[in-house]
Amino acid sequence: MKRRGFPKKGMDQSELMSRIEEIRSKDTDFADGTIFGSMCTSPLDMAKKVHGLFLETNLGNPGLYRGTLELEKEIHSSVASLLNAPEGYEALSVGGATEGNILALWSSREKTGKRKVIIPESAHFSFKKACNLLDMEPVMIPLDDKYQPDLSTVEEEIDDDTAVVVAIAGTTELGLIDPIHDLADISGDVHLHVDAAFGGFAIPFLKEAGYSLPEFDLSIDGVDSIVLDPHKLGMSTIPLGLYYSREEHPIAIESPYLTGAHQKTIPGTRASASIPAFWSVMNYLGFEGYVSIMERCMNNTRTLLMKGKEIGLEPIVDPVLNIVSFHHEDPVRVVETMERKGLSISRTVNPPGLRFVVMPHVTEESILKMIPILEDSI
Ligand code: 0PR
C-alpha cells in the first residue's frame with residue numbers, strides 16, 4: 001500500500017463515519033451465523049453497553065478508578081469460588097490467556113531460577129511465545145492415541161532443571177481436558193499451570209448439567225496456577241483473562257509515580273472496560289444462566305457431530321466440550337473453499353482436520369445451513 005500522509009486537516013464527521021461504517025461492514029459479524037472457527041463470541045448486549053461506559057478506565061493507575069477496582073475485586077472473588085481457590089490465592093486480570101500463560105512461566109522461572117517447561121503438544125502456541133520471550137526451554141510432550149499428553153514421557157522429562165509443567169483444560173484443537181490429577185501427582189513440587197482459557201467457563205457449568213468431566217482447577221492440591229478467559233466462553237468483551245495463583249505472584253514492579261505501588265502484569269496502562277463488562281455479564285447470567293448456555297452449546301455440538309457423520313466425516317475424538325474436529329487430509333483447501341463461500345471454519349494440525357467451535361452464536365439453524373456447503377467443499 002502506498003504510504004499515506006498524516007492527515008493535515010480534520011475530516012468532515014459524516015464523511016468520516018460513513019467510511020467507518022463501510023469499513024466495519026467488511027468485518028465478519030458473529031450474528032451472521034457464518035463463524036464456526038472462533039473461540040470468541042458476540043458479548044451479551046449488556047456487556048457492550050457497560051464496556052462503552054468505562055472506555056477511559058485504566059487499572060494501571062488504580063487510585064483514579066476506585067469504582068472499577070471495586071468491581072475487579074468482586075469478579076476476582078466470585079471466579080475464585082468458581083475455581084475453588086484456597087485462602088491466600090492471588091488473582092490478576094490479564095489481557096487473555098496468552099498473558100496468563102506468560103505470567104505462569106515467568107513466576108516459575110523467578111521462583112526457581114530454572115528454565116525447562118514441559119508442554120503437551122496439544123498446547124496453544126502462546127507457550128512457545130512465552131518460552132521465546134522468557135528465554136525458557138520448551139520440552140514438547142507427544143500425545144498418546146487419545147490425543148492426551150503421554151504421562152510416562154512427562155515423568156521422564158521432569159528433572160532438576162524443570163521450572164513448570166503445563167496442563168490444558170480445553171485444548172484449542174480438540175477441546176480435550178488433560179488428566180490434571182495425574183499430572184499433579186507426577187509434577188510433585190514442580191509448578192503445575194493449567195491453561196483453562198476455554199474450559200474454565202465451560203467445565204463447571206457442564207458438570208452442574210450432569211456431564212461427567214474431571215476436576216481441573218485449584219481444588220486439585222498440585223495445581224499452582226490457572227488462567228481462564230471471560231472473553232471466550234465467559235461471554236464478555238475483549239480483552240479479559242483471569243490468572244490465579246495459589247501463592248502470591250512473585251513479580252511486582254514498583255510504579256512509584258502512579259496511584260498503585262506495584263504492577264504485577266505486563267501492560268502499564270491497562271484497558272479496564274472489560275472488567276465492569278464481565279461483572280455485568282456474570283451477575284446478569286448467574287451460574288444458572290451459564291449452565292443453560294453451555295447445555296445449548298453441547299446440544300448444538302451433538303447436532304454438528306451427527307450431521308458431519310452423515311456427510312461422511314469422521315470425528316477425531318468424541319467431543320468433550322463444544323469443539324468438533326473431523327479428520328481431513330487437506331484441511332487448508334477446505335478452509336479456503338469455505339471461506340470463498342462466506343463461511344469461516346478452522347482446522348487442526350495434529351492430526352490434520354476440520355475444526356468447528358460451537359460457541360453460543362452458533363445455532364442449530366446456522367449448522368443446518370452450513371452442512372450442505374461443507375458437503376460440497378470436502
Ligand atoms: N490457551 C488456549 C487453550 C487457547 O485456545 C487460546 C486461544 C489461548 C490460550 C490464548 O488466548 P488469547 O488469544 O486470549 O490470549 N485460542 C484461540 C485460537 O488461537 C484464540 C482465538 C480466538 C483465535 C478467536 C481466533 C479467534 O477468532 O484459536
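Cut-off values and rules
Residues numbered from 1 in each chain as written. Predicted model: local features only at pLDDT ≥ 70, side-chain atom pairs only at ≥ 80, totals over all residues. Heavy atoms only, no water. Salt bridge = Lys/Arg side-chain N within 4 Å of Asp/Glu carboxyl O. Helix = DSSP H or I, 4+ residues; strand = E, 2+ residues; numbered from the N terminus. Buried < 20%, exposed > 50% of the residue type's maximum accessible area, 1.4 Å probe, protein only. Phe/Tyr/Trp six-rings, centres within 6.5 Å; stacked < 30°, edge-to-face > 60°. Pairing = 2+ DSSP bridges. Axes fitted to C-alpha atoms, helices over the stretch in contact; angles between N-to-C directions. Contact = heavy atoms within 4.5 Å. Core = buried A, V, L, I, M, F, W, Y, C linked by side-chain atoms within 4.5 Å. Domains from an automatic or database assignment. Near = heavy atom within 4 Å. Polar contact = N/O pair within 3.5 Å; in protein donor to acceptor, adjacent residues only side chain to side chain. Areas by Shrake-Rupley, 256 points an atom, 1.4 Å probe, with all protein chains shown as cover. Nonpolar A, V, L, I, M, F, W, Y, C, P; charged D, E, K, R; others polar.

### Points about the pattern of salt bridges
Under the definition given, this model contains eleven salt bridges. Between Lys264 and Glu248 there is a salt bridge; the shortest N-O distance is 3.3 Å. Of this pair, Lys264 sits in the loop between β9 (262-263) and α9 (274-310) while Glu248 sits in the loop between β7 (241-245) and β8 (253-254), placing them 16 residues apart in sequence. With a relative accessible area of 56%, Glu248 lands in the exposed category. Here Glu310 ties to Lys307 by a salt bridge, and the two come within 3.5 Å at their closest N and O atoms. Residue Glu310 and its partner Lys307 are both found in helix α9; the two are separated by three residues, about one turn of the helix. Residue Lys307 is classed as partly exposed on the basis of its relative accessible area of 22%.

### What to know about the packing of aromatic side chains
Applying the stated criterion across every chain, the model contains six aromatic pairs. The interplanar angle of 10° and the centroid separation of 4.8 Å between the aromatic rings of Phe205 and Tyr290 together place this pair among those described as stacked. Residue Phe205 is found in helix α8 (residues 203-208), and its partner Tyr290 is found in helix α9; the two are separated by 85 residues along the sequence. Accessibility expressed as a relative area gives 2% for Phe205, which makes it buried.

### Details of the sheet that holds strand β11 (residues 346-348)
An order of β10-β12-β11 is seen for the three strands of this open sheet, with the pairing classed as antiparallel. What marks the edges here is a single partner per strand, and that holds for β10 (323-327) and β11. Each neighbouring strand pair of the sheet contributes to a mean axis angle of 35°, computed without reference to strand direction. Bridge analysis of β11 against strand β12 (residues 353-357) gives three bridges, and the strand direction is antiparallel. Pairing of Arg347 across the sheet is with Leu354, part of β12. Packing of α9 onto the sheet brings it into contact with β10 and β12, and relative to β10 it is tilted by some 15°. Packed onto the sheet, helix α10 (residues 331-340) meets β11 and β12 and runs at close to 175° relative to β11.

### A word on the nonpolar core
Buried together is how nonpolar side chains tend to be arranged in soluble globular proteins. Formed by 63 residues in total, the largest nonpolar core has its most connected members in Val79, Ile180, Tyr244 and Phe278. If one sorts the elements of this core by residue count, α9 sits on top with twelve residues. In this structure, this core is formed jointly by two domains, domain 1 (29-44 + 286-377) and domain 2 (47-282), each of which donates at least three residues. Membership of the second largest hydrophobic core comes to 22 residues, among which are Ile119, Ala130, Ile168 and Ala197.

### A word on the site of the ligand
The environment of the ligand is made up of 18 residues, and the closest members are Thr98, Thr172, Asp195, His231 and Lys232. A distance of 3.5 Å is found between an oxygen atom of the ligand and a backbone nitrogen or oxygen belonging to Ala97. Within the side chain of His231, a nitrogen or oxygen atom sits 2.8 Å from an oxygen atom of the ligand. Bound to the protein, the ligand loses 75% of the 600 Å² it would expose on its own. Counting residues per element, the shell around the ligand draws most heavily on helix α4 (residues 97-112), which supplies three residues. Here the residues of the shell around the ligand are counted per class, giving five nonpolar, nine polar and four charged. Each of two domains, domain 1 (29-44 + 286-377) and domain 2 (47-282), supplies a minimum of three residues to the shell around the ligand.

Keep in mind these numbers describe shape, not what the thing actually does.
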